[in-house]
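Coordinate analysis (summary)
Here's the letter readout for the chains.
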Amino acid sequence: MKKYFYFILLLAFLLPNEGWSQSREKRKSPSFSERLWYGGSLGLGFSSSNIGGGLQGNIFFLGISPMVGYKLNDWLSIGPRAELQWYTGRYREFGSGPVYKYNVLNIGGGIFTRAKVYKQLFFHAEYGTIQYSYADRVDYQDNRIITNKEWVEQMLVGAGLSFGGPFASELSLLFDLLAPDDSVELPIVFRYGFTYNF
């Protein structure tokens, strides 16, 4: 929803901004490029699933999520984040018969704000949407799996830890405030990524 997008922007600009209040005589203001930092995460996974109770199979997942942050001051950043996920699945009827396959690409993006709290600890809030494609049913006539797509919104809030200097790795644990109550999936997102100049 647009209101979450505006909430992230509002949060970033209304929080105290001590870095900008200092006079230029005491401290030279950094350039635009010096305020930028870069990051991203990689995803990799395997899982088993079934379609309609008749087909059993396995799914392989590979994802990449680049992000760029702009430092509003020494501790607060805002920026965009993109997401690209590739899923491939192979299914068969109870271990016998032909193998049915599918490949899908999920795309998404959003905006985040991040605040350094204490040493390596940071808080993270993010609103985004992603187009999920999922296996729905089998077309036995054409021997293929039919997939459906749906846009899913997320409002993630949580915290993380950053390890290292200019080149660093990070771990974060986020909670999805927009996760549906009737979903069997946990509303928790765990990320492992890398940053430069954060």
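**Structural notes on a nonpolar patch on the surface**
There is a patch of nonpolar side chains on the surface, built from Leu161, Phe163, Leu171, Leu173, Phe175, Leu177, Leu186, Ile188, Phe190, Tyr192 and Phe194 and spanning about 1100 Å² of accessible area. Counting residues per element, the ones that place at least two in the nonpolar patch are strand 6 (144–164), strand 7 (167–176) and strand 8 (188–196). By residue number, the principal contributor to the nonpolar patch is strand 8, which donates four residues. Checked against the element boundaries, Leu186 lands in the loop between strand 7 and strand 8.

**Topic: the confidence of the model for the chain**
Mean pLDDT for the chain: 85, with 85% of residues reaching 70 or above. Across the chain, the element-wise mean pLDDT spans from 45 in helix 2 (residues 18–21) up to 96 in strand 7. Of the regions scoring below 50 in pLDDT, residues 18–25 engages in five contacts with residues more than four places distant in sequence or in other chains.

**Things to note about the sheet that holds strand 6**
Strand order in the closed barrel formed by eight strands is 1-2-3-4-5-6-7-8, and the pairing between neighbours is antiparallel. Here the average twist between neighbouring strands, direction ignored, is 25 degrees. In the sheet, strand 6 pairs with strand 7 via nine bridges, with the strands oriented antiparallel. Across the sheet, Val157 pairs through a bridge with Phe175, a residue of strand 7.

**A closer look at unusual backbone geometry**
In this structure, Lys119 takes a positive phi of about 50 degrees despite not being glycine. Position of Lys119 among the secondary structure elements: in the loop between strand 4 (96–118) and strand 5 (121–139). Assessed through its relative accessible area of 65%, Lys119 is described here as exposed. Its identity is not glycine, yet Asn197 carries a phi of approximately 75 degrees, on the positive side. On the basis of relative accessibility, which here comes to 28%, the residue Asn197 falls in the partly exposed class.

Calculation rules
- Residues numbered from 1 in each chain as written.
- Predicted model: local features only at pLDDT ≥ 70, side-chain atom pairs only at ≥ 80, totals over all residues.
- Heavy atoms only, no water.
- Patch = residues over 30% accessible without salt bridge, like charges linked within 9 Å, V, L, I, M, F, W, Y side chains within 5 Å.
- Areas by Shrake-Rupley, 256 points an atom, 1.4 Å probe, with all protein chains shown as cover.
- Salt bridge = Lys/Arg side-chain N within 4 Å of Asp/Glu carboxyl O.
- Helix = DSSP H or I, 4+ residues; strand = E, 2+ residues; numbered from the N terminus.
- pLDDT = per-residue confidence, 0-100.
- Contact = heavy atoms within 4.5 Å.
- Pairing = 2+ DSSP bridges.
- Axes fitted to C-alpha atoms, helices over the stretch in contact; angles between N-to-C directions.
- Buried < 20%, exposed > 50% of the residue type's maximum accessible area, 1.4 Å probe, protein only.

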